[in-house]
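Chain residues, written in single-letter form:
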Amino acid sequence: MALTTALIALPGMALADGVGLTPDMMSATVPTPSGPVEIMRNQDTENRLEGDWTLTSRPCPNFCIQPMIPAEGVTPVGELEVIAALQDPNTVVIDGRIRPEFEAGTIPGAVSVPYTEAADRLGELGCEPDFDGWICEGEGVAQVVLFCNGPWCGQSPTAARRMIEAGFPAGNISYYRGGMQNWQMLGLTVVPGGAGG
């Protein structure tokens, strides 16, 4: 109630009946190392994106449009599946971007595993080291959701391919291609990396 009253008091803010995640869900609370964080959409119906997230044309390479499935066996997912994964204790949502990008802002509850480190950190996902790489078998191997900056970002697709080459099962990987660009386009909650990330 206090939040609604505070929002109404803000000058120039246009409020709808509520900008929800779905018709039946206004927000979702996810656990993070810093405590629970509520994911919701920005309630200002006049809100507009600014900065890097509005840039539409980046040179290819390196910023080429990524496929929906970065490697055979990987499952593409959207925002609602990412939110469900954040609430699932058996799933790890991985921000595959370089550390400064993670620290500048990420999805609440996401873990930083830069794409350059993905194949070396499979032990954190339930794999066992082997002479030739990793053994990733059994129920202890986590489900993961990888994301990066958006449909033109190759960091998390590269992470997925490197993980699979190192022995991680492709069937345990989901890919949120929309990444931070789509997450922010929908006005969803973003936190600094390390603060709920």
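Please read all numbers here as calculations on a predicted model, not as lab measurements.

Asks: Account for the pairing of strand β4 (residues 91–95), naming residues and giving values.
Replies: When you tally the buried positions in β4, you get four out of five residues, the bulk of the element. When β4 meets strand β8 (residues 143–147), the two strands line up parallel, connected through five bridges. Bridging across to β8, Val93 finds its partner in Val145. Sheet topology note: the β4/strand β5 (residues 111–112) ladder contains two bridges and is parallel. Its bridge partner lying in β5, Asp95 is registered against Ser112.

Asks: I'd like to hear about the packing of aromatic side chains, residue by residue, with values.
Replies: Within this structure, the stated rule accounts for two aromatic pairs. Summarising the aromatic geometry, the rings of Phe63 and Trp152 are spaced 5.7 Å apart at their centres and angled 65° between planes, so their arrangement reads as edge-to-face. Highlighted residues: Phe63 in the loop between β2 (37–40) and β3 (75–76) and Trp152 in the loop between β8 and α4 (155–166), separated in sequence by 89 residues. For Trp152, a relative accessible area of 12% translates into the label buried. When the ring of Tyr176 is compared with that of Trp183, the centres are 6.3 Å apart and the planes differ by 75°; the resulting orientation is edge-to-face. Judged by relative accessible area, Tyr176 falls into the buried class, the value being 1%.

Asks: Could you give me a rundown of the confidence of the model for the chain, with the residues and numbers involved?
Replies: Per-residue confidence for the chain averages 89 on the pLDDT scale, and 90% of its residues sit at or above 70. Across residues 1–16, where pLDDT falls below 50, the model places 13 contacts with residues more than four positions away in sequence or in other chains.

Asks: Requested: an account of the layout of surface pockets, with residues and values cited.
Replies: One number sums up the size of the second largest pocket: a volume of about 180 Å³. Lining the second largest pocket are Pro31, Thr32, Pro33, Ala85, Leu86, Asp88, Pro89, Thr91, Val92, Val93, Gly109 and Val111. Listed by contribution, the elements that provide at least two residues to the lining of the second largest pocket are α2 (79–86) and β4. Here the lining of the second largest pocket takes three residues from β4, the largest share from any one element. Here the lining of the second largest pocket is built from residues that sort into eight nonpolar, three polar and one charged.

Basis of the calculations
Residues numbered from 1 in each chain as written. Predicted model: local features only at pLDDT ≥ 70, side-chain atom pairs only at ≥ 80, totals over all residues. Heavy atoms only, no water. Buried < 20%, exposed > 50% of the residue type's maximum accessible area, 1.4 Å probe, protein only. Helix = DSSP H or I, 4+ residues; strand = E, 2+ residues; numbered from the N terminus. Pairing = 2+ DSSP bridges. Phe/Tyr/Trp six-rings, centres within 6.5 Å; stacked < 30°, edge-to-face > 60°. pLDDT = per-residue confidence, 0-100. Contact = heavy atoms within 4.5 Å. 1 Å grid on protein atoms, 1.4 Å probe; cavity = no way out; pocket = protein on both sides within 12 Å on 5 of 7 lines; lining within 4 Å. Points joined across faces, edges and corners; volume = space filled by probe spheres on them. Nonpolar A, V, L, I, M, F, W, Y, C, P; charged D, E, K, R; others polar.

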